[in-house]
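So you can see what is in the structure, the chains are spelled out below.
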Amino acid sequence: MTGQAEIDTQNIPAHVAVIMDGNGRWAKQRGGLRVFGHQSAITAVRETVEEAAELGVQYLTLYAFSTENWNRPALEVMALMQLLVHTIRQETSTLLKNSIRLESIGDIATLPKNCQRELAEAKELTKTGTRMTLVLALSYSGRWDLTQAARRMTADVAEGKLKPADVTENTVASYLVTANMPDPELLIRTSGEQRISNFLLWQLAYTELYITDLLWPDFRKQHFQEAIRAYQRRERRFGKTSEQITVS
Ligand code: IPE
Ligand code: IPE
Ligand code: MG
């Protein structure tokens, strides 16, 4: 029996977000350089994308590089950017074949020009994909997102396009870079760290958190399935009582 058989296909999260963490530790355990860990993480990315698409997830957001990750040693940053270029180039045909649309969120203008070019090309090539949207969070942080939203919102107020009294939660959400996506129902974090690390701060308000001790390069389809099963066992109350939820 495959792991998929025990999954309730009627209760698949529309949006799953992943903090792919633990590459450095994975490499260190094997006596390798941190970069070796990043290179070894591509299989995990591929398996997660495939499994999410197979299960019917509509949006898969992968935290690939945070605003704070710019503070890592320059050589590691450079290696990550190169890996990004190579991986996008290598995987675009698979995305196309599987009707997966590539998107990105983050301060993309800060990425090296060749990364920006590669990303833009892949996004353009895959833009008609309807099966799933794969969102790469690159030079992204939740505070960056909220700050750019505040900047654009106040500019619109200054120009008279928006009245302060009309600002609702939906207005704020519409200025975030995730404006057209549902909030994630499930957040997966590998490597056992119990924190958000400045990921989707607004969007994770009611997201179910699933943390596994596995290091990201070891993450496979069966582990994604296990996260979905764990999600399906949760009771999502949104502030209500359990009785309110279970009465049909
Ligand atoms: C995640 O693995 C990859 C990125 C943050 C780019 P890490 O590089 O953070 O690995 P650890 O946490 O040091 O083991
Ligand atoms: C979070 O991992 C960012 C990404 C996975 C891209 P980090 O390794 O940067 O997080 P911290 O520093 O341990 O919180
Ligand atoms: Mg880390």
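Note: the structure precedes this text.
Structure report, in brief. (Residues numbered from 1 in each chain as written. Chains lettered and ligands numbered in written order. Predicted model: local features only at pLDDT ≥ 70, side-chain atom pairs only at ≥ 80, totals over all residues. Heavy atoms only, no water.)

**Structural notes on the site of ligand 2**
Short version of the rule: A single heavy atom is enough: if one lies within 4 Å of a molecule or strand, its residue is considered near that molecule or strand. N or O atoms within 3.5 Å of each other form a polar contact, as long as, within protein, one can give a hydrogen and the other can take it, and as long as residues adjacent in sequence are counted only when both atoms are side-chain atoms. Shrake-Rupley sampling with a 1.4 Å probe provides the accessible areas, and residues are treated as covered by the protein chains on show and by no other component. Segments assigned H or I by DSSP are reported as helices when at least four residues long, segments assigned E as strands when at least two residues long, and all are numbered from the N terminus.
As a matter of local geometry, ligand 2 sits amid Ile19, Met20, Asp21, Tyr63, Ala64, Phe65, Ser66, Asn69, Arg72, Arg189, Arg195 and Ser197. Within the side chain of Arg72, an N or O atom sits 3.2 Å from an oxygen atom of ligand 2. In isolation ligand 2 offers 390 Å² of accessible surface; the protein chains occlude 78% of this area. No other element matches strand β2 (residues 59-66), which puts four residues into the shell around ligand 2.

**So, helix α8 (residues 221-233)**
Selection rule: Multiplying 1.5 Å by the residue count of a helix minus one yields the expected span of that helix. The buried label goes to any residue with under 20% of its type's maximum accessible area, the exposed label to any with over 50%, and the partly exposed label to all in between, with areas taken from a 1.4 Å probe on protein chains only.
Relative to the 18 Å expected for 13 residues at 1.5 Å per residue, α8 spans 19 Å between its end C-alpha atoms, a close match to the ideal helical length. Taken as a whole, α8 has its buried residues at Phe224, Gln225, Ala227, Ile228, Arg229, Ala230, Tyr231 and Gln232.

**Things to note about the packing of aromatic side chains**
To be explicit about the condition: We call Phe, Tyr and Trp rings a pair once their centres come within 6.5 Å, taking the six-membered ring for Trp, and we label the pair stacked below 30 degrees between planes, edge-to-face above 60, and tilted otherwise.
One pass over the full model with this rule turns up eight aromatic pairs. Each ring, one from Trp26 and one from Phe36, has its centre 5.4 Å from the other, and the planes form 45 degrees; the classification is tilted. One end of the pair, Trp26, is in helix α1 (residues 23-29); the other, Phe36, is in helix α2 (residues 34-39), and 10 residues separate them in sequence. Overall, the relative accessible area of 10% leaves Trp26 in the buried class. Ring centres of Tyr63 and Phe199 lie 4.0 Å apart, and the angle between their planes is 10 degrees; this geometry places the pair in the stacked category. With Tyr63 in strand β2 and Phe199 in the loop between β5 (186-189) and β6 (208-211), this residue pair connects regions lying 136 residues apart in the sequence. According to the relative accessible area criterion, Phe199 is buried, its value standing at 0%.

**Describing the sheet that holds β6**
To keep it simple, the criterion reads: Each pair of strands is called paired provided DSSP finds at least two bridges between the two strands. Think of each axis as a best-fit line through the C-alpha atoms, taken over the contacting stretch in the case of a helix, with angles from 0 to 180 degrees between the N-to-C directions. Every residue pair with non-hydrogen atoms within 4.5 Å of one another is taken to be in contact.
Strand order across the open sheet formed by six strands is β3-β4-β2-β1-β5-β6, with parallel pairing between neighbours. The open sheet has two edge strands with one neighbour each: β3 (100-105) and β6. Across the sheet, the axes of successive neighbouring strands diverge by a mean angle of 20 degrees, strand direction being ignored. As judged from the six bridges shared by β3 and strand β4 (residues 132-140), these two strands associate in the parallel manner. Pairing of Glu103 across the sheet is with Val135, part of β4. Most of the contacts of helix α5 (residues 113-126) go to β3, to which it runs at about 140 degrees, and overall it touches β3 and β4.

**Here's the deal with the site of ligand 1**
As a matter of local geometry, ligand 1 sits amid Met20, Asp21, Gly22, Asn23, Gly24, Arg25, Arg34, His38, Ala64, Asn69, Arg72 and Leu80. Between ligand 1 and Asn23 there is a distance of 3.1 Å, counted from an oxygen atom to a backbone nitrogen or oxygen. In the complex, the protein chains occlude 87% of the 380 Å² of accessible area that ligand 1 would expose alone. Breaking the shell around ligand 1 down by element, the ones donating at least two residues are α1 and α2.

**Let's talk about the pattern of salt bridges**
Convention followed: By definition, a salt bridge exists where a carboxyl oxygen of Asp or Glu is found within 4 Å of a side-chain nitrogen of Lys or Arg.
One pass over the full model with this rule turns up 20 salt bridges. With its nearest N and O atoms 2.9 Å apart, the salt bridge here joins Glu193 to Arg25. With Glu193 in the loop between β5 and β6 and Arg25 in helix α1, this pair connects stretches of sequence that are 168 residues apart. Between Lys221 and Glu50 there is a salt bridge, with its nearest N and O atoms 3.0 Å apart. Placement of the pair is Lys221 in helix α8 and Glu50 in helix α3 (residues 42-55), with a sequence separation of 171 residues. By relative accessible area, Lys221 is classed as partly exposed at 22%. Overlapping salt bridges, with partners in common, bring together Asp21, Arg25, Arg189, Glu193 and Arg195 in one network.

**Re the nonpolar core**
To keep things clear, this is the line we draw: Definition of nonpolar core: a set of buried residues of the types Ala, Val, Leu, Ile, Met, Phe, Trp, Tyr and Cys, connected through side-chain atoms within 4.5 Å.
Core analysis: the biggest nonpolar cluster contains 43 residues, and Val16, Leu60, Ile188 and Phe224 have the highest contact counts within it. In terms of residues, this core owes the most to one element, helix α4 (residues 74-97), which gives seven residues. Apart from the residues within four sequence positions on either side, Val16 is in contact with Val57, Tyr59, Leu60, Thr61, Leu186, Ile188, Phe224 and Ile228. Formed by 13 residues, the second largest nonpolar core is a distinct cluster that contains Val135, Ala137, Leu187 and Phe199.

**Here we look at the pairing of β2**
Regular strands have side chains that alternate between both faces of the sheet. Burial analysis of β2 places seven of its eight residues in the buried class, the great majority of the element. Bridge count between strand β1 (residues 15-19) and β2: five bridges; the pairing is parallel. Bridging across to β2, Val18 finds its partner in Leu62. In the sheet, β2 pairs with β4 via seven bridges, with the strands oriented parallel. Bridge assignment links Phe65 to a residue of β4, and that residue is Leu138.

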